[in-house]
Amino acid sequence: MQSTLLPHHLTTLEDLVHAVAGLSHIEVPCLQTRLQVHSIEKEKKPLQKSLDAANEKAAVWDAEYINLHSWSLQWFLLSLTCGLASEIDRVKNNQEKASKVVEEAMAPVAVKDEEIRDVERRNEKNQVDYRSLQKFREDLTVLLDEMLQGQDFASETAAHEEILALEKEITTMIASDVCLEEVRECLKRADNALLEAILDLRHTSIEKSINSGRIYFPQTAYDAILEARRMCPELPGIRSPEMKADTAEDTPAPAPAPAPAPAITAEDTPATLSSVPSIENDPMAAYYSPMQYYLWDIRYQLEALLLWCDERVSLHLHQEVEKRIQLGEKTDAWNMERRRLVKQVLLSSTTTA
């Protein structure tokens, strides 16, 4: 032990103690900034959702416009009935409306993006200081480990166990958030596949070729939903939507009622989703067949699942920040106790020897 406690070790010890004490005050505001940024991002999500929806509707009208200028069944029938010109005018009018909606939806999203950048700019110095604090704290911990190697003191053992428990809790929450992010990617993949399927149904003859009692559900979306449930068994279930009744105005032909989808609505899920938004009263909505409404219903439920994931991540973030603050405080208190042991117990015994 005499060879371990050299004078320069004690000097380094005091320097690190003062360095940690000089920067520890920035830990709380720095970590709380993460919550502030997350809060703004949470406010941005419904705005981004509106923008995404506006872009999707614009894409539908763009696809409709292209379809009217292509050799298709729709083009042929409208040509025969002399309705092609009026239909093109109707689609162009809705294209212009959709474009204006997209422009209006972009503005609030840009405002939130600027708010996030402003908060991050104001926190840049704290971020640098916080990284320095973590480095000083780590160096101090390592140095005290070396100084107290082979020693066992009850006064610091309990504190160390509390620190290890906190670190384990933080690691568990981070791993859970990583899993939730993978689940979100699966749900987004399913959502994109459903949107593509809706567009396919609108511009192809797939729907007419589907046998009675069956529905058109893209395999990519099906596999992605099952993968999300495999990774997160507590994910709420997806109820089987009811097929919307066909109307002469909205749809060209009746469609059969869908068969249930037991693999998606797993019986072991603890919860099911309730009502979902409707596109029926949306003046910008295009005409959708019953099967297309069915897929839209699933898309709205996927949005609810994404929101569920976001709420879990938000809860974990608040808990993680709270535990990181506790971890910093307990680590500093633990190291100060070990510093006392080095100076008062080990040094006094070395002097006596």
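Because the structure is a prediction, the values reported are computed rather than measured.

A.B. asks: Sorry, what's going on with the overall build of the chain here?
C.D. replies: Scanning the chain from terminus to terminus reveals eight helices and zero strands. In sequence order, the chain lays out its α and β elements as α-α-α-α-α-α-α-α. For the chain, the proportion of its 353 residues judged to be buried stands at 39%. Long-range pairs, those at least 24 residues apart, make up 87% of the contacts in the chain between residues at least 6 apart in sequence. As presented, the chain carries roughly 19600 Å² of accessible surface, and 55% of it is formed by carbon and sulfur atoms.

A.B. asks: Help me out: how do you make sense of the environment of Ile174 in this one?
C.D. replies: Checked against the element boundaries, Ile174 lands in helix H6 (residues 154-203). Taking the C-alpha atoms as reference points, Ile174 and Glu320, separated by 146 residues in sequence, lie 8.3 Å from one another. If we skip the residues at most four places from it in the chain, Ile174 touches Glu320 and Arg324.

A.B. asks: How should I be thinking about the packing of aromatic side chains in this particular structure?
C.D. replies: The way to describe two aromatic rings as a pair is by their centre distance and the angle between their planes. By the definition in use, this model includes one aromatic pair. Over the ring of Trp334 we find Arg338, and its NZ or CZ is 3.8 Å from the ring centre.

A.B. asks: Quick question: what am I supposed to make of the nonpolar core here?
C.D. replies: Inside soluble globular proteins, nonpolar side chains tend to come together where they are buried. Ranked by internal contacts, the top residues of the largest apolar core, which has 29 residues, are Val183, Leu187, Phe217, Leu295 and Leu302. Those elements that place two or more of their residues in this core are H6, helix H7 (219-231) and helix H8 (290-352). Beyond its immediate stretch of four places on either side in the chain, Leu302 contacts Leu187, Ala190, Asp191, Leu194, Ile225 and Ile238. If you look at the next biggest cluster of nonpolar residues, it comprises 22 residues, including Leu16, Cys30, Tyr130 and Leu133.

A.B. asks: Any chance you could explain the pattern of salt bridges here in plain terms?
C.D. replies: Between side chains of opposite charge, a pair can form when the charged atoms approach closely. Considering all chains together, one arrives at 29 salt bridges under this definition. Among the ionic pairs, Asp129 bridges to Lys125, the shortest N-O distance being 2.8 Å. Here the residue Asp129 and the residue Lys125 both occupy positions in helix H5 (residues 124-147), the gap between them amounting to four residues, near one helical turn. When its relative accessible area of 15% is taken as the criterion, Asp129 is described as buried. For Lys125, a relative accessible area of 56% translates into the label exposed. One network of salt bridges, with partners in common, ties together Glu114, Arg117, Asp118, Arg121 and Arg122.

A.B. asks: Please explain the side chain of Asp129 as it appears in this structure.
C.D. replies: Side-chain polar atoms of Asp129 contact the side chain of Lys125, separated by 2.8 Å. When near neighbours in sequence (up to four residues on either side) are disregarded, Asp129 contacts Leu23 and Ile26.

A.B. asks: Help me understand the environment of His69 in this model?
C.D. replies: Residue position: His69 is located in the loop between helix H2 (27-68) and helix H3 (73-80). Here His69 falls in the partly exposed class, since its relative accessible area comes to 46%. Along the primary structure His69 and Ile88 are separated by 19 residues, whereas in three dimensions their C-alpha atoms are 8.7 Å apart.

A.B. asks: Can you walk me through H5 in this structure?
C.D. replies: Each α-helix turn comprises 3.6 residues. Residues three or four places apart therefore point the same way. Between its terminal C-alpha atoms H5 stretches 35 Å, which fits the 34 Å expected from 24 residues at 1.5 Å a residue. Listing the buried residues of H5 in full gives Asp129, Tyr130, Leu133, Arg137, Leu140, Thr141, Leu143, Leu144 and Met147.

A.B. asks: Would you mind going over the confidence of the model for the chain with me for this structure?
C.D. replies: Predicted coordinates in regions of low pLDDT should not be interpreted in detail. Residue-level pLDDT values for the chain average 80, and 75% of them are 70 or greater. Of all the helices and strands in the chain, H3 carries the lowest mean pLDDT, 54, while H7 carries the highest, 95. Low pLDDT, under 50, characterises residues 246-284; the predicted model gives this stretch 75 contacts beyond four residues in sequence or across chains.

A.B. asks: Help me understand the packing of H2 against H5 in this model?
C.D. replies: To describe two helices that pack against each other, one gives the angle between their axes and the distance between the axes. Interaxial distance between H2 and H5 falls to 9 Å at its minimum, and their mutual angle equals 120°. The angle between H2 and H5 falls in the class oblique. The handedness of the crossing between H2 and H5 is left-handed. Residue-level inspection shows Glu27, Pro29, Cys30 and Leu31 of H2 in contact with H5, the latter providing Asn126, Gln127, Tyr130, Leu133 and Arg137.

About the criteria used
- Residues numbered from 1 in each chain as written.
- Predicted model: local features only at pLDDT ≥ 70, side-chain atom pairs only at ≥ 80, totals over all residues.
- Heavy atoms only, no water.
- Helix = DSSP H or I, 4+ residues; strand = E, 2+ residues; numbered from the N terminus.
- Buried < 20%, exposed > 50% of the residue type's maximum accessible area, 1.4 Å probe, protein only.
- Contact = heavy atoms within 4.5 Å.
- Areas by Shrake-Rupley, 256 points an atom, 1.4 Å probe, with all protein chains shown as cover.
- Phe/Tyr/Trp six-rings, centres within 6.5 Å; stacked < 30°, edge-to-face > 60°.
- Lys NZ or Arg CZ within 6 Å of the ring centre and 35° of its normal.
- Core = buried A, V, L, I, M, F, W, Y, C linked by side-chain atoms within 4.5 Å.
- Salt bridge = Lys/Arg side-chain N within 4 Å of Asp/Glu carboxyl O.
- Polar contact = N/O pair within 3.5 Å; in protein donor to acceptor, adjacent residues only side chain to side chain.
- Expected span 1.5 Å × (residues − 1).
- pLDDT = per-residue confidence, 0-100.
- Axes fitted to C-alpha atoms, helices over the stretch in contact; angles between N-to-C directions.
- Parallel < 35°, antiparallel > 145°, perpendicular 65-115°, else oblique.
- Left-handed = near helix turned anticlockwise from the far one by under 90°.

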